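Coordinate analysis (summary)
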Amino acid sequence: MDIKELYQDIILDHGKNPRNKNKCKDFNKDAKGHNPLCGDKVHVYIKLDKEKKVEDISFEGEGCAISMASASIMTEIVKGKEFNVAKKILEHFLNMLKEGSKLSINSLTDDENTRMMSLSGVKQFPMRVKCATLAWHTFMHAVEGNRNTVKTEK
Amino acid sequence: MEIKSIKSQFPIFKNKINGKPLIYLDNANSSQKPKSVIERISKFYSKEFSNIGRSVHSLAVTATNRFEDTRDLVKKYINAKSREEIIFTKNATEAINLVASSYGENFIKKGDEILITELEHHANYVPWHFLRQKKGAVIKFAECNEKGEVDIDEIKKLISNKTKIIAITHLSNVTGAIMPIKKIVDMASKKKIPVLVDGCQGAPHLKLNMQELGCDFYAISCHKMYGPTGVGILYAKKKWVDILPPYQGGGGMIEEVKKDNITYPQSPTKYEAGTLQTAEVVGFSESIKFIEDIGIKKIMEHEKEILEYGLDEIKKNNSVRVIGDPKNRGSIISFTIKGIHPHDIATILDEDGVAIRAGHHCCQILHEKMGIAASARASLGIYNSKDDIDALSSAIKKCNKVFNS
Ligand SMILES: Cc1ncc(COP(=O)(O)O)c(C=O)c1O
């Protein structure tokens, strides 16, 4: 296992220069997530329209490169998508991290697929899977209106 | 000192981690175990095991004797006045909880003050927080300076006639600062304030002498002293063992039980309810022998040499910031690397077999004070050498490379 499989260029890029890292205007949903192991913290803001489409999404937070990159990529991927589609993507993403299965989602462009796949190296580092999933779980909490902070257990 | 021969006594170092030799720098978290300790536990189960203190058959007598032998060894090792001052717990955390509960129950009431420091591990804060909630006591934090140490004046300043206990670490598990315990005890005893020392990091790295130190309570986790998990020690001055109420209730800790009344012995067994971690306690006797065979003085000299070398080496890397700069420092180097989160550091180091810890090390108050969420920590043990430090430095350079490529 080469460490560069975990820290791929895409991850390092997003980790250093996270996209959509702010509090987006007119958000109507938000939720917080906390990973006590790494101390990663995210706060996800979403503007959801009546048809449950993600009109805008952003996040604030601090944490390891994996958690920040994952949050950044997540915001890029789900922006403009229906909640149901986002949910499907999350399922595939979790499967990828758990089973190592390849992503095959029609709703993703090749480029989006590559970005998602850049996180697949995490599978080899079980302690770090939570870093990669935190933002996604927080996204789900926000949409579902769950006010509890997402806590990945120790 | 021949480190190679010491290292060879630890079977774990025969294993490869990610195909590399293990460079173990997570000793503040827990230390590795010498073969003698592992074999002692195995021998105890194979030849001597039975529950202690309850039966009169031969095995029970043997097991009880071996268990109590360890109490004597500990008494001697830490130079307690009497064997009655040695209480076995499951770890230092339980030892501190015991004091917070038993002492707190009788001696701390609403508005009373508990004095701790910003350096404390959660194990020496949360139990006092429980008391704060239960009794309405007040917790005061002596401030830590930018060097990562607590000046004795900061403690002095906070002492009032409401101060009911001072609970303080011997050696910070983040900055490595060694606290002037004797001076603090001298100051406190003038006002008749008992002092509890969290000796988790002190015990493996410093010479212990309870009678000289003069503290009322000293908490130890044996797994950090090359000993088994599941064993802790609370040293408590005899005067406290005599008067404090029991901690947990059950078998083994009673004197006489009637339907309307129960009495307890005035001995450490009062605090040792239920069946104990017998084999581990017996195994710990070998840890003390291991330490004594080398000699704590030699251990301290060796660790100081490696620590100083480590600090020098690691500071050569401009991207590294070492946390704290205490005058008197023991065996711990916590650091951050510019632009790289400590957990990413730990993962990258692990690839080279270098085991360190990343996080807040159960010291969130201190990290907040230092303005960081987390740090990476390399902590030394007797088997570490300059080669280990070199491996650490080059693995850190690799972090720089991975992140700046
Ligand atoms: C200073 C200090 N206090 C308390 C503890 C808690 O030790 P244990 O978990 O063995 O009870 C530790 C260990 O992490 C420590 O370093």
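Rules used in this analysis
Note that residues are indexed from 1 along each chain, following the sequence as it is written. Throughout, the order in which chains and ligands are written sets their labels, letters from A for the former and numbers from 1 for the latter. It should be noted that, the model being predicted, local features are given only for residues of pLDDT at least 70 and side-chain atom pairs only at 80 or more, the latter also being counted only at that level, while totals for whole chains, interfaces and linings use all residues. Excluded from the side-chain calculation are hydrogens and water; included are all heavy atoms of the structure. In this text, helices come from DSSP runs of H or I with a minimum length of four residues, and strands from runs of E with a minimum of two, each type numbered from the N-terminal end. For the exposure calls, accessible area comes from a 1.4 Å probe over protein chains only, and a residue counts as buried if that area is under 20% of its type's maximum, exposed if over 50%, partly exposed in between. A positive count includes Lys and Arg, and a negative count includes Asp and Glu. His and the chain ends are not counted in either. Criterion for a salt bridge: a side-chain nitrogen of Lys or Arg within 4 Å of a carboxyl oxygen of Asp or Glu. Polar contact criterion, stated in full: a pair of N or O atoms within 3.5 Å, where within protein one must be able to donate a hydrogen and the other to accept it, and residues adjacent in sequence count only if both atoms are side-chain atoms. In this description, contact between two residues means that some pair of their heavy atoms is separated by no more than 4.5 Å. Nearness of a residue to a molecule or strand requires only that one of the residue's heavy atoms be within 4 Å of it. Accessibility throughout is a Shrake-Rupley quantity obtained with a 1.4 Å probe, and a residue counts as covered only by protein chains that appear here. Two strands qualify as a pair provided DSSP detects at least 2 bridges between them. The pLDDT value expresses, per residue, how confident the predictor is, ranging between 0 and 100. By convention, the term buried area covers the 1.4 Å-probe accessible surface removed from two parts as they join, with the contributions of both added. Axis definition: a line fitted to C-alpha atoms, over the contacting stretch in the case of helices. Angles run 0 to 180 degrees between N-to-C directions. In this document the domain limits rely on a domain assignment from an automatic tool or a database.

All names here are of chain B. Counting through the fold element by element, Asp198 comes out in strand E8 (residues 195-198). Within the buried set, Asp198 has no salt-bridge partner at all; the shortest N-O distance to an opposite charge, 8.0 Å, is to Lys224. Within the structure, Asp198 has its side chain in polar contact with the backbone nitrogen of Cys200 (distance 3.1 Å). Leaving out residues up to four positions away in the same chain, Asp198 has contacts with Ile96, His121, Asn124, Ile168, Thr169, His170 and Ala219.

Residues and elements named next belong to chain B. The environment of the ligand is formed by Asn91, Ala92, Thr93, His121, Ala123, Asn173, Asp198, Cys200, Gln201, Ser221, His223 and Lys224. Here His121 contributes a side-chain N or O atom positioned 3.1 Å from an oxygen atom of the ligand. Between the ligand and His223, the relevant distance is 2.7 Å, taken from an oxygen atom to a side-chain nitrogen or oxygen of the residue. Burial of the ligand by the surrounding chains reaches 89%, relative to a free accessible area of 390 Å².

Before going further, it helps to examine the pairing of strand E3 (residues 54-62) of chain A. On any regular strand, side chains alternate: one points to one face of the sheet, the next to the other face. Residues and elements named next belong to chain A. Examined bridge by bridge, strand E2 (residues 40-48) and E3 share eight bridges and lie antiparallel to one another. What sits directly across from Lys47, in E3, is Asp56. Here E2 folds back onto E3 in antiparallel fashion, the turn holding five residues, of which Lys52 has a positive phi close to 60°.

Residue-level pLDDT values for chain A average 90, and 98% of them are 70 or greater. Per-element confidence in chain A ranges from a low mean pLDDT of 82 for strand E4 (residues 150-151) of chain A to a high of 96 for E3 of chain A.

What follows covers the interface of chain B and chain A. Taken together, the contacts link twelve residues of chain B with 19 residues of chain A. Interface of chain B and chain A: buried area, both sides summed, is about 1,300 Å²; carbon and sulfur atoms make up 57% of it. The interface formed by chain B and chain A contains one salt bridge. Across the pair Asp344 of chain B and Arg128 of chain A runs a salt bridge, and its minimum N-O distance is 2.9 Å. Connecting chain B to chain A are seven residue pairs in polar contact (both at pLDDT 80 or more). Counting residues per element, the ones that place at least two in the side of chain B that touches chain A are helix H13 (342-351) and helix H15 (386-404) of chain B. The dominant element in the side of chain B that touches chain A, judged by the number of residues it contributes, is H13 of chain B, at five residues.

Now for the sheet that holds strand E16 (residues 357-359) of chain B. Where strands meet in a sheet, backbone hydrogen bonds hold them as pairs that are either parallel or antiparallel. All names here are of chain B. The sheet built from four strands is open, its strands ordered E13-E14-E17-E16 with antiparallel pairing. Edge strands, defined here as strands with exactly one partner in the open sheet, are strand E13 (320-322) and E16. The mean angle between the axes of side-by-side strands here comes to 30°, regardless of whether they run parallel or antiparallel. In this sheet, strand E17 (residues 375-379) lies alongside E16 in antiparallel orientation, the contact comprising three bridges.

All names here are of chain B. Position of Leu115 among the secondary structure elements: in strand E5 (residues 113-117). A residue is classified by how much of its surface remains accessible, and Leu115, at 2% relative accessible area, is buried. In the structure, Leu115 is positioned 170 residues away from Ser285 in sequence and 34 Å away in space, judged by C-alpha atoms. Once you skip the residues sitting within four places of it in the chain, Leu115 turns out to touch Lys140, Ala142, Ile155, Leu158, Ile159, Thr163, Ile165, Ile166 and Ala167.

Our focus in this paragraph is the domain arrangement of chain B. Residues and elements named next belong to chain B. The domain architecture assigned to chain B consists of domain 1 (3-30 + 295-404) and domain 2 (38-292). Here the C-alpha centre of domain 2 lies 28 Å away from the C-alpha centre of domain 1. Carbon and sulfur atoms make up 58% of the surface buried where domain 1 meets domain 2, a total of about 2,900 Å² over both sides. It is Ile296, Leu366 and Lys369 in domain 1 that bury the most area against domain 2; as a group they hold 18% of the surface buried on that side.

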